[in-house]
Structures are given as C-alpha cells and as structure tokens.
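Chain by chain, the residues run as shown.
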Amino acid sequence: MTRVLGDAWPLPGLDDRNRAFFTAGVLMLQQCKRCQHVQHPPEDVCEACQSFDLGGFESAGAGRVESVIVVHHPLHPGMADIVPYAVVAVALDDVPGVLLTGNVTNRAPDAVAIGDRVEVTFEEVVDTANNVTLKIPQWQAVDG
Ligand SMILES: [Zn+2]
C-alpha cells in the first residue's frame, strides 16, 4: 500500500504513551482510570484531574470533519508528487472534545468538507529501522 503522504513523510517515533495509538489497529486513546477523562494526544498525566493512573479507551472511530485545510506547497522535496493533499481535524462521536488530525484516504482533497462523516481506517507501514508494524489511524469518508 502506498502511504497517503508518501514514503518521505517521517514515521512517528514510538514511546510508552503513544505505542497503542500507532500500533493497535483500533483507535486506542488514553483514558484516566481515576476520573474516566479521555484525552489525546497521550500525556504523562490526566489533563482533568492530574492523575498518573492512565489506561486505554477504544473509540469506535466514527466522527465528523470539524476542520479541513488543503496543502499545496510540498514541505519536503519527496512530497512534490503528493500535493495537494487535505489535512482534517476529526471530532469523534464517542469522545466529545477530542480532535484527531489525519488525511481522508478515499476522496480528492477539494472534495473533503466540514461536516463530512468519516470513519477510521489504518495505514499499515513496516518501520524496518525499529522492527515494528505501524497501523497509523487515517480517515475514510462515508455517506450519510
Ligand atoms: Zn483524571
């Protein structure tokens, strides 16, 4: 599978906080075990109650495009063939207040609009340098 933003786009660096998000193959967010607050991106501490006791929350991965921009200028020479591409901020149905960024994989950039319904999909990439298979959350537009 060709990566949405091409092979020159850097892969995420994994740590204990974000490993589940980038490898689980489900939309795994961080949830506080004390107050149940769900947050993203993952942090060392709950932003609501400052607890360090954090676990996972599996989102159903359905949401709405809250914002969209179209990038026309390649940020890296390796991306010259990728532009234009759309970057979206998605509001999840089951986690109010959390926005996730990504790309819509099944629509032309200028056909992505605020209010579009999307669901999570995963871009599978083998990070050979770190010997791990990444499943990077992306978005696909759905009708309705
Ligand atoms: Zn908390």
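Residues numbered from 1 in each chain as written. Predicted model: local features only at pLDDT ≥ 70, side-chain atom pairs only at ≥ 80, totals over all residues. Heavy atoms only, no water.

Focus on the coordination of the zinc ion
Angles between donor atoms at a metal ideally measure 109.5 degrees for a four-coordinate tetrahedral arrangement and either 90 or 180 degrees for a six-coordinate octahedral one. The following threshold applies: Ligating atoms shown are N, O and S within 2.8 Å of the metal, or 3.2 Å for Na, K and Ca, and water is not included, meaning a site may look less than complete. Angular criteria define each label, namely tetrahedral for four donors with all angles between 85 and 135 degrees, square planar for four and octahedral for six donors with opposite donors over 155 degrees apart and remaining angles between 65 and 115, and irregular for whatever fails these tests.
Ligation of the zinc ion by protein atoms is provided by C32 (SG), C35 (SG), C46 (SG) and C49 (SG), these donors lying 2.3 Å from the ion. Coordination at the zinc ion is tetrahedral: its four donor atoms span angles of 104 to 113° at the metal. Read N to C, the donor residues that coordinate the zinc ion are spaced as C-x2-C-x10-C-x2-C.

Some thoughts on the pattern of salt bridges
Side chains carrying opposite charge are able to pair once their charged atoms draw close together. Put simply, the rule is: The rule for a salt bridge is simple: a side-chain nitrogen of Lys or Arg has to be within 4 Å of a carboxyl oxygen of Asp or Glu. Numbering goes from the N terminus for both helices and strands, where a helix is a DSSP run of H or I of at least four residues and a strand is a run of E of at least two. Note on classification: 1.4 Å probe, protein chains only; a residue is buried when its accessible area is under 20% of the maximum for its type, exposed when over 50%, partly exposed between these limits.
Under the criterion given, the structure shown has eight salt bridges. The shortest N-O distance in the salt bridge between E43 and R17 comes to 3.7 Å. Taken together, the residues span a long stretch of sequence, with E43 in the loop between β2 (38-39) and β3 (54-59) and R17 in the segment before α1 (19-23) at a distance of 26 residues. On the accessibility criterion, E43 (34% relative accessible area) is partly exposed. Between D93 and R117 there is a salt bridge, with the nearest N and O atoms lying 2.6 Å from each other. Of this pair, D93 sits in the loop between β5 (85-92) and β6 (99-102) while R117 sits in strand β7 (residues 117-127); the two residues are 24 residues apart in sequence, bridging distant segments of the chain. Among the charged side chains, a salt-bridge network with shared partners connects D15, R17, E43 and D44.

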